[in-house]
Amino acid sequence: MTANSVAVEQLRKEGNELFKCGDYQGALAAYTQALGLDATPQDQAILHRNRAACHLKLEDYDKAETEASKAIEKDGGDVKALYRRSQALEKLGRLDQAVLDLKRCVSLEPKNKVFQEALRNIGGQIQEKVRYMSSTDAKVEQMFQILLDPEEKGTEKKQKASQNLVVLAREDAGAEKIFRSNGVQLLQRLLDTGETDLMLAALRTLVGICSEHQSRTVATLSILGTRRVVSILGVENQAVSLAACHLLQVMFDALKEGVKKGFRGKEGAIIVDPARELKVLISNLLDLLTEVGVSGQGRDNALTLLIKAVPRKSPKDPNNSLTLWVIDQGLKKILEVGGSLQDPPGELTVTANSRMSASILLSKLFDDLKCDAERENFHRLCENYIKSWFEGHGLAGKLRAIQTVSCLLQGPCDAGNRALELSGVMESVIALCASEQEEEQLVAVESLIHAAGKAKRASFITANGVSLLKDLYKRSEKDSIRIRALVGLCKLGSAGGTDFSMKQFAEGSTLKLAKQCRKWLCNDQIDAGTRRWAVEGLAYLTFDADVKEEFVEDAAALKALFQLSRSEERSVLFAVASALVNCTNSYDFEEPDPKMVELAKYAKQHVPEQHPKDKPSFVRARVKKLLAAGVVSAMVCMVKTESPVLTNSCRELLSRVFLALVEEVEDRGTVVAQGGGRALIPLALEGTDVGQTKAAQALAKLTITSNPEMTFPGERIYEVVRPLVSLLHLNCSGLQNFEALMALTNLAGISERLRQKILKEKAVPMVEGYMFEEHEMIRQAATECMCNLAMSTEVQDLFEAQGNDRLKLLVLYSGEEDELLQRAAAGGLAMLTSMRPALCSRIPQVTTHWLEILQALLLSPNQELQHRGAVVVLNMVEASREIASTLMESEMMEILSVLAKGDQSPVSRAAAACLDKAVEYGLIQPNQDGE
């Protein structure tokens, strides 16, 4: 045997052990390493089929099929490889191919019951599919006949046919049947009718046809025409525009998946380069942004799609070529929307949210750039566009240029700051603030406000703009101007943040500003777009604790705030969330080191001071008042918002507030009752790292103290697992680790399906790691969690596998002084020895102290510990006569005799059962009374 063969064999065995322990990635790595050692064809076949088994466990069925096929190429009679390929093909939906592999398996091993059962199952699936397809043929034809019949206009029959078509398209088999029945061309005819109900039915059916199916998506775009599909976004009817937006999102997802997988969709068809199709779709969306006649809602939907489709999902993805292409091809078009005036309407119809959406898209594109050269190109294009309007287009051009600068300041503020420094821009802003035309004043004052929020410009504006803003606030007769001037003053007045010792204005000035903001906010005669600015002002002023206290006492202002957060004015969301973060003190705050404070005072350096009303007792009282005012319901509505305005930063703010709201145990019921538990799940699954962690911790707190099945009804409970497991990572705090373990313990005790979900999220190795933690509460929580997880056979297999210390740890922990840790470990031992009797014979081997540990459990004053110890002893006695003999020769028999004579209880019954078994073995004799 060569050295290479020995190494291959060693790595294969190592991979097999890792596979048995559930470490499929580790096993995969070992098999891959072995393949690189010039293995024999026979060894290669074995290694490829083992890799296929790993991919099946990891649910990567494409790779599982590929690896099994490689094994079959090396050895056509490899029955294990054939079976594994059939499993992968079945999961991929290719039943006809899977059945061929299974038939080959049965021909090679006719008596193998596993193969026979699998063949029967898959045969049944194929027959069901054939029956389904044949029965739907006539239905599809009939539905289209009803929908396209002009005499059936508006009838109940037509409505039912459209609903059935949409439902049928949700199933892949139904979608395929519609597609193959010339469905896309017939759906095109429905779209051409212009009737709202028929258009909605057609768009929703197309969603089913294109969903996760790359080749059908490309064919649909080819038949309908990309331009035609995109143009539906621009219709005036909001429902139709939203349905078209959903369809385009599904198409983007299918095409992007195709780019990722190298031109293969889940159906396995080779198609035209999806990257090209993707660019054609994006190019049409960019053209739509600047088309005259497109509805404002349609323009917003186009921006939303670009926000979701263009930037990279993760910085780990090295390819940002799509972003660079969009910047080169469409940056000017995005800036044109950002610089448009809503009132009076310009050439482009825009909504109150259009400019904010453009700002978010610009921000995401800028953040997606990787180097200085790319950022410099972005700056150059923005500055050239602003200059082109600022110079040579008169006053109208200057207004558009300043509006564009405002858009940049709300998005990529670096670009906005650079644009402010262009010659004449800031001077024009100051000059236009004094204009007699309301529209001109609005544009100038808004840009001044956005500039004031940037530290780089705040000092300049404090020196030059405060008197101007005060003058506008006092003298302007127009509410729209006064409220914006007030917000500018609020921003400048809050420059010290939470630092009580750094106030920009005189004592009481911020309270006066806040009072005026609340007055504007409560005035429902003013339109929502203007009242939004009052919330902007409060978002800054609530850094001051006096302002917070007055705000939460003002029930009318809170009610108005929550109503505004539910309105169509989506751009208010960030300001509402910011104000709530400030009121609940859920921003990051670190207590300064007292020694450093003394040192700073000695050196005459500034030391931040906390406001007396920001102490925990005040914060708790404010939280209670917000809960009573209905803050949870308002936040639930905010989370459900399908708008780009709900940015990751905004989601983080909401997560911070939720965590503050569930801090006190008695408040958690209120949060759950108003839908807070459900709202936290999306916050924990998407957003900034900090936001996801905060939301996950809030979920953990709710899962610990309430019934998870009530808090997260139905399928939602399974969505909670991933966020909780994320809190087990080492970068999380000890408190977060502890709360996650407690929450997972509760979930693991509910059902096997939940335990399987926890295992799938790879939580077991992390839980095991925390069983060695120095902190006793974390160690105890991890042991308790493992005890509940051990109800799954996969975890029991880990304990039973050779060469590990898992069982030893539980035995030793059962003898610890910490009663809670003892209880968790003893419970785990009782359950494992019941489920896996083979473990009973290994207990005496793991430690020489096993007997005294079990005796101590039986002698414990805690009846729960006694019971768990008695169950372990009973399981050991029943498992083997040899172990029973060892136990009866020790002091254990005397202890069991005493316990058996006690009052009727689970402990006495278990002790009596031990003695009865010993009598049955002939190890002891019953006494004269037959006991």
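All values reported here derive from a predicted model rather than from experimental measurement.

Calculation notes
Residues numbered from 1 in each chain as written. Predicted model: local features only at pLDDT ≥ 70, side-chain atom pairs only at ≥ 80, totals over all residues. Heavy atoms only, no water. UniProt positions renumbered as here; feature names shortened; annotations may be inferred. Helix = DSSP H or I, 4+ residues; strand = E, 2+ residues; numbered from the N terminus. Buried < 20%, exposed > 50% of the residue type's maximum accessible area, 1.4 Å probe, protein only. Arc of directions from axis to C-beta. Core = buried A, V, L, I, M, F, W, Y, C linked by side-chain atoms within 4.5 Å. Domains from an automatic or database assignment. Contact = heavy atoms within 4.5 Å. Phe/Tyr/Trp six-rings, centres within 6.5 Å; stacked < 30°, edge-to-face > 60°. Lys NZ or Arg CZ within 6 Å of the ring centre and 35° of its normal. Salt bridge = Lys/Arg side-chain N within 4 Å of Asp/Glu carboxyl O.

A.B. asks: Help me understand the UniProt feature "repeat: TPR" (unreviewed entry) in the protein chain, please; the structure alone is not making it clear to me.
C.D. replies: The UniProt record annotates "repeat: TPR" (unreviewed entry) at residues 79–112. Secondary structure content for residues 79–112 is 79% helix and 0% strand, while the C-alpha to C-alpha distance between its ends is 11 Å.

A.B. asks: So what exactly am I meant to see when it comes to helix α10 (residues 183–192) here?
C.D. replies: Structurally, the α-helix is built with 3.6 residues per turn, so residues lying three or four positions apart point the same way. When α10 is considered as a whole, its buried residues turn out to be G183, V184, L186, L187, L190 and L191. Projected down its long axis, α10 shows its buried positions confined to an angular sector of 160 degrees, all on one face. Of the residues flanking the end of α10, it is G194, one or two places downstream, whose phi is positive at about 80 degrees.

A.B. asks: Would you mind showing me how to read the nonpolar core here?
C.D. replies: The biggest cluster of nonpolar side chains holds 250 residues, and the ones touching the most others in it are F658 and L661. Looking at this core, the element that brings in the most residues is helix α14 (residues 238–260), giving 10 residues. Both domains that furnish three or more residues to this core are identified here as domain 2 (310–419) and domain 3 (832–930). Beyond its immediate stretch of four places on either side in the chain, L661 contacts V623, L627, V631, V632, M635, D667 and V671. Core analysis: the next-biggest nonpolar cluster, separate from the first, contains nine residues, L11, L28, A39 and C54 among them.

A.B. asks: Teacher, can you tell me more about the packing of aromatic side chains here?
C.D. replies: For any pair of aromatic rings, the description rests on two quantities: the centre-to-centre distance and the angle between the ring planes. In the structure shown here, the tally under the stated rule is three aromatic pairs. Seen from their ring centres, F19 and Y24 are 5.1 Å apart, and the 65 degrees between their planes marks the pair as edge-to-face. The cationic tip of R400 hangs over the ring face of W389; the distance from NZ or CZ to the ring centre is 4.8 Å. In this structure, R532 packs its charged tip against the face of W533, placed 4.5 Å from the ring centre.

A.B. asks: What am I meant to see in the pattern of salt bridges here?
C.D. replies: Here the idea is simple: oppositely charged side chains can pair when their charged atoms come close. Within this structure, the stated rule accounts for 42 salt bridges. R49 is paired through a salt bridge with D78; the nearest N and O atoms lie 3.1 Å apart. With R49 in helix α3 (residues 41–57) and D78 in the loop between α4 (61–74) and α5 (79–91), this pair connects stretches of sequence that are 29 residues apart. For R49, a relative accessible area of 16% gives the class buried. For the salt bridge of R722 with E761, the shortest nitrogen-to-oxygen distance reads 3.2 Å. Highlighted residues: R722 in helix α41 (residues 721–726) and E761 in the loop between α43 (752–760) and α44 (764–770), separated in sequence by 39 residues. Put simply, E176, R180 and R216 are held in one network by salt bridges that share partners.

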